[in-house]
Amino acid sequence: MKRRIDIVSLLIVFVCISCGKGNLDDGIRQDGVLLDIKESILSAETKAPILPDSYGDSQTFPKGATYGLFICDHHNGEGENPYKEHAYLYNNICATKSNSGTAWMYNYSGSTSTFPSLFLLGKKDESDESVHADIFAYAPYIRDVVSPEHIPFKVSDQADMMYAVQNRTAGNKDIDPMGPERTRPVYLTFVHTLALLEFNFEVKNELINHPEENKYANGYTLKKITISKTSTADAPLYTTGELNAVTGELVNLTEAESIAVSYSSYATNGQRKIKAHLLLVPTQPDDEEFVFSFVFDGVTLNTVFNLKKE
């Protein structure tokens, strides 16, 4: 029996999302509970492809990062769950890290207006009974998503697909709008679902010979990495699929013989190193079942890289 290994991301990144507190009077607060969405970070080593922002912190979402938020009617597990929005426009809310990198801004699906605010989880107007709520989150945000069970992705897009681990637990479910709390903290702890490979290139000759003088060569720009299956490969190479953010599973996967990913990574004058990240659907290749080729400035390198299990 062949020995196999998983290409996997090695560590969960804990991320919870925060927003500013609005000034709401006690009368409004009596009609529901305020959802105080918070941010927390697990300070640990990670293979996450979230690169350092201007603060140099690779453990947090960089500015401009996004996630999607669903605030739905509670479902008890009997019959089909349609993820009905708890209030108008409360499904697939977009959260965006501000340009300052210190706060989150929100806007409803299809709207361009943003706001930094708490969300009010109110009692439904049509009855005297409060309707409990469930909360789900995924990243990055996709505008046309209508269910947290179907988040489409393409490997060629190189999007870091994540979901909140609380989606699978009771932590953010069955929330009573008329409970004893006026403010309800909501923790969102995101985990990566794709595998990450990191490639490091070093420029051997950074100077070009010239009749007048030696000069720095311009560019050394990495344009493309192609991953291909070899003729004897048994492991699947997936190109598209969906993230079920409720269970954390990758579903409806489609296979390909090769995948090409575009880059614009370059070594400027005096720099000899280029680093590139490649996200893939986790799979179980044996030695040399996947081969990688590289294009720099329109020229495919003669050297390829055959992936080893170790």
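Higher on the page you've got the structure.
Let me sum up the structure you'll find in this document. Along each chain, residues carry numbers from 1 onward, in the same order as the chain's sequence is written. Local features in this predicted model are restricted to residues of pLDDT 70 or higher, and side-chain atom pairs are both shown and tallied only at a pLDDT of 80 or more, whereas totals for entire chains, interfaces and linings draw on every residue. Excluding hydrogens and water, the side-chain figures rest on all heavy atoms present in the structure.

### Thoughts on the sheet that holds strand 9 (residues 183-187)
Step number 1: Ordered in space as 5-1-9, the three strands form an open sheet in which the pairing is mixed. Only two strands of the sheet have a single partner each, and these edge strands are strand 5 (119-122) and strand 9. Averaged over all pairs of adjacent strands, the angle between strand axes in this sheet comes to 35°, irrespective of strand direction.
Step number 2: For strand 1 (residues 32-38) and strand 5, the ladder comprises four bridges, and the chain directions are antiparallel. Across the sheet, residue Val-33 finds its bridge partner in strand 5, namely Leu-121. Paired strands, as defined in this entry, are two strands with at least two bridges between them according to DSSP. Numbering of helices and strands runs from the N terminus; a helix is a DSSP stretch of H or I covering at least four residues, while a strand is a stretch of E covering at least two. Between N-to-C directions, angles span 0 to 180 degrees; the directions come from axes that are lines fitted to C-alpha atoms, helices contributing only their stretch in contact.

### Points about the pattern of salt bridges
Step number 1: Each reported salt bridge corresponds to a side-chain nitrogen of Lys or Arg within 4 Å of a carboxyl oxygen of Asp or Glu. With the rule as written, the count across this model stands at three salt bridges.
Step number 2: Residue Arg-184 is joined to Glu-181 by a salt bridge in which the shortest nitrogen-to-oxygen separation is 3.7 Å.
Step number 3: One salt bridge connects Glu-288 with Lys-308, and the closest N-O pair in it is separated by 2.6 Å. Placement of the pair is Glu-288 in the loop between strand 18 (273-280) and strand 19 (290-296) and Lys-308 in the segment after strand 21 (305-306), with a sequence separation of 20 residues.
Step number 4: Classification of Glu-288 as partly exposed rests on a relative accessible area of 38%. Only protein chains enter the accessibility calculation, which uses a 1.4 Å probe; a residue is then buried when its area is under 20% of its type maximum, exposed when over 50%, and partly exposed in between.

### Some thoughts on the sheet that holds strand 15 (residues 238-244)
Step number 1: Strand order in the open sheet made by the three strands is 7-15-16, with antiparallel pairing throughout. If you trace the sheet from one side to the other, it starts and ends with strand 7 (151-154) and strand 16 (249-255), each paired once. Direction aside, neighbouring strands of the sheet carry axes that sit 20° apart on average.
Step number 2: As judged from the four bridges shared by strand 7 and strand 15, these two strands associate in the antiparallel manner. Along strand 15, the bridge assignment pairs Lys-154 with Thr-240.

### Quick notes on the environment of Asn-107
Step number 1: Mapped onto the elements, Asn-107 comes out in strand 4 (residues 104-107).
Step number 2: In this structure, the C-alpha to C-alpha distance between Asn-107 and Ile-93, residues 14 residues apart in sequence, is 6.0 Å.
Step number 3: Non-local contacts of Asn-107, meaning those with residues more than four positions away in its chain, are made with Ile-93, Cys-94, Ser-113, Thr-114 and Phe-115. Any pair of residues with heavy atoms lying within 4.5 Å of one another is described as a contacting pair.

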